[in-house]
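For reference, the chains in residue letters:
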Amino acid sequence: MGAKLSASQSTLPPAPGGRTPAVLCGESDDHRLLLRGLLRLYRHPVIYEARTLDDLEQLTPASDPRILILDVDGGDDRWTLELAGALAQHSELRAVVILPTGDPEAERRALAAGARAVLPRPFAIQDLVRTLGRAVE
């Protein structure tokens, strides 16, 4: 089930590459909360949240680019097929996949599914910011 969120205003100066709307997808409420805060801090308004990629069916397509942050918790590899399908339906999405570990095979599968960038946990905030910038370039 997805939810639309209002963008919060901040007094921080815009970060390089900031202000691209973000769609956040992940099963963990705690991970989404943390990522939502980081995205807002770096001026990427979170316009939609979903627990699964299937919930993106409710997302209204747009003409301008949006960042899709997919937080993968592990489990099965169905997410690669679901990611490819979601990106086919929403050509405006620029996917960044956050993986639970630095597994080169999972990174390869994410890129093959259409992700523009992959970021393994744990990561530094600066790495996240750079990865988001690369995704929308």
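Scroll up to find the structure this text is about.
A short tour of the structure in this document, coming up.

What follows concerns the overall build of the chain. Tallying secondary structure elements over the chain gives four helices and six strands in all. N-terminal to C-terminal, the α/β element order of the chain is β-β-α-β-β-α-β-α-β-α. Counting the 137 residues in the chain, one finds 42% classified as buried. A total accessible area of about 7,300 Å² is found for the chain, and carbon and sulfur atoms account for 53% of it.

If you check which residues of helix α3 (residues 104-112) are buried, you get A106, R109 and A110. Each buried residue of α3 lies within a common arc of 100 degrees when the element is viewed along its axis, so the set occupies one face. Counted as exposed and oriented over 90 degrees from the buried face of α3: P104 and A112. Where the residues of α3 are buried, they touch α2 (78-89), β5 (93-99) and β6 (117-120). Where α3 begins, the capping side chain belongs to D103, and its oxygen is found 3.1 Å from the backbone nitrogen of E105. Just past α3, the residue G114 takes up positive phi, approximately 115 degrees.

Here is what the cut-offs are and how they apply
Residues numbered from 1 in each chain as written. Predicted model: local features only at pLDDT ≥ 70, side-chain atom pairs only at ≥ 80, totals over all residues. Heavy atoms only, no water. Helix = DSSP H or I, 4+ residues; strand = E, 2+ residues; numbered from the N terminus. Buried < 20%, exposed > 50% of the residue type's maximum accessible area, 1.4 Å probe, protein only. Areas by Shrake-Rupley, 256 points an atom, 1.4 Å probe, with all protein chains shown as cover. Arc of directions from axis to C-beta. Contact = heavy atoms within 4.5 Å. Polar contact = N/O pair within 3.5 Å; in protein donor to acceptor, adjacent residues only side chain to side chain.

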